[in-house]
Amino acid sequence: MYSFDYQRPADRAAAAAAIQGDARYLAGGQTLIQAMKLRLSSAERLVDLGAIADLKGITVAGNTVTIGAMTPHAEVARSAAVRGAIPALAELAGSIGDAMVRNQGTIGGSVANADPAADYPAGLLALGATVNTDRRSIVADDFFTGMFETALQPGELIVSVAFPAAQKAAYAKFKQPASRFALVGVFVAQTAGGVRVAATGCKGSVYRVAELEAALAKSFTPEAAKAVQLSPAGFNADLHASAEYRAAMLSVMAARAVAAANAR
Ligand SMILES: Cc1cc2nc3c(=O)[nH]c(=O)nc-3n(C[C@H](O)[C@H](O)[C@H](O)COP(=O)(O)OP(=O)(O)OC[C@H]3O[C@@H](n4cnc5c(N)ncnc54)[C@H](O)[C@@H]3O)c2cc1C
């Protein structure tokens, strides 16, 4: 690990002042510290967000669940408010990694990192969430721009993520057994704007699956999802799963998610 300067500001104004130059925000460190230890990543200064009280917490107002950027996955998983409004989102948070990762990792860090196999990005995209930063609000459709890439500008701070509750929703994940990241993860949602389906672990970035959305708009049933035959072109292939396997599993996992959403 290269040496770096460490700052822990008490509020957002101080964080914005500290993030100038070669500096990175530090949330739970679940990705950033590992990457820095391996010298895959470096920064002259880390700006720890852990002391900024208004980046934490969950609020529900009307139809919208808003989760502060520094809220750990474990808190979302056990939140009665989230379980009541969007149970699929609480279940997604509870499926992330192991207990330590869920207690240290944050929604802001996960979303900013945009790992192509991370769970939250599928939830954001399928539910039509909005990422609120210290500068603007970005809809999920515009936020995830590629592998580990987002619409965030240098130094832009995620403050919260706002999720509209869906009529029906569920997340199904086929886990890589060692890391518990998604080999294939799919979030299905019946929303005010129609059926939205987002997949993670399958391609270079989270994406909406047009073929599944079209089929489920006609018939929101497991049978309709399972009947969709996806081309493996563009799917990830590695030692854990071929592109053909991932493409086939995506329809299977979507069918399971639809069954779970209909069973609520
Ligand atoms: C063993 C292991 C297993 C895991 N399994 C899963 C899994 O199954 N599913 C899954 O989805 N994830 C998984 N993760 C990832 C984990 O869920 C974390 O959310 C993710 O690593 C981000 O960690 P963090 O919140 O600590 O952010 P950090 O590591 O502190 O930061 C990550 C990046 O986000 C930036 N950042 C952090 N907060 C903000 C903010 N508010 N605004 C702007 N930029 C910000 C940082 O500068 C950095 O670039 C796993 C991680 C580990 C180590």
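Residues numbered from 1 in each chain as written. Predicted model: local features only at pLDDT ≥ 70, side-chain atom pairs only at ≥ 80, totals over all residues. Heavy atoms only, no water.

(A) Inspection of the sheet that holds strand 12 (residues 182–191) at higher detail. With antiparallel pairing, the 4 strands of this open sheet are ordered in space as 11-12-13-14. The open sheet has two edge strands with one neighbour each: strand 11 (168–175) and strand 14 (207–208). Two elements, strand 13 (residues 194–200) and strand 14, share 2 bridges in a ladder whose sense is antiparallel. The residue of strand 14 that forms the bridge with Ala199 is Tyr207. In this fold helix 5 (residues 87–94) packs onto strand 11 and strand 12, with an angle of close to 15° to the strand it touches most, strand 11. Where helix 10 (residues 210–218) meets the sheet, it contacts strand 12, strand 13 and strand 14, and its direction lies at approximately 150° from that of strand 13. (Pairing = 2+ DSSP bridges. Helix = DSSP H or I, 4+ residues; strand = E, 2+ residues; numbered from the N terminus. Contact = heavy atoms within 4.5 Å. Axes fitted to C-alpha atoms, helices over the stretch in contact; angles between N-to-C directions.)

(B) A look at a nonpolar patch on the surface. A surface patch of nonpolar side chains, amounting to about 270 Å² of accessible area, comprises Met1, Phe4 and Tyr6. Along the chain, Tyr6 turns up in strand 1 (residues 5–7). For Tyr6, a relative accessible area of 42% corresponds to the partly exposed category. (Patch = residues over 30% accessible without salt bridge, like charges linked within 9 Å, V, L, I, M, F, W, Y side chains within 5 Å. Areas by Shrake-Rupley, 256 points an atom, 1.4 Å probe, with all protein chains shown as cover. Salt bridge = Lys/Arg side-chain N within 4 Å of Asp/Glu carboxyl O. Buried < 20%, exposed > 50% of the residue type's maximum accessible area, 1.4 Å probe, protein only.)

(C) Highlighting the site of the ligand. Lining the immediate environment of the ligand, one finds 30 residues, of which Tyr25, Thr31, Thr106, Asp119 and Arg180 sit closest. One of the side-chain nitrogen or oxygen atoms of Thr31 is found 2.4 Å away from an oxygen atom of the ligand. Lys173 has a polar side-chain atom sitting 3.2 Å from an oxygen atom of the ligand. Protein contacts shield 90% of the accessible area of the ligand, which totals 970 Å² for the unbound molecule. Broken down by secondary-structure element, the contributors of at least two residues to the shell around the ligand are strand 2 (23–26) and helix 7 (107–113). The dominant element in the shell around the ligand, judged by the number of residues it contributes, is helix 7, at 4 residues. Looking at which domains feed residues into the shell around the ligand, each of domain 1 (1–51) and domain 2 (168–263) gives three or more. (Near = heavy atom within 4 Å. Polar contact = N/O pair within 3.5 Å; in protein donor to acceptor, adjacent residues only side chain to side chain. Domains from an automatic or database assignment.)

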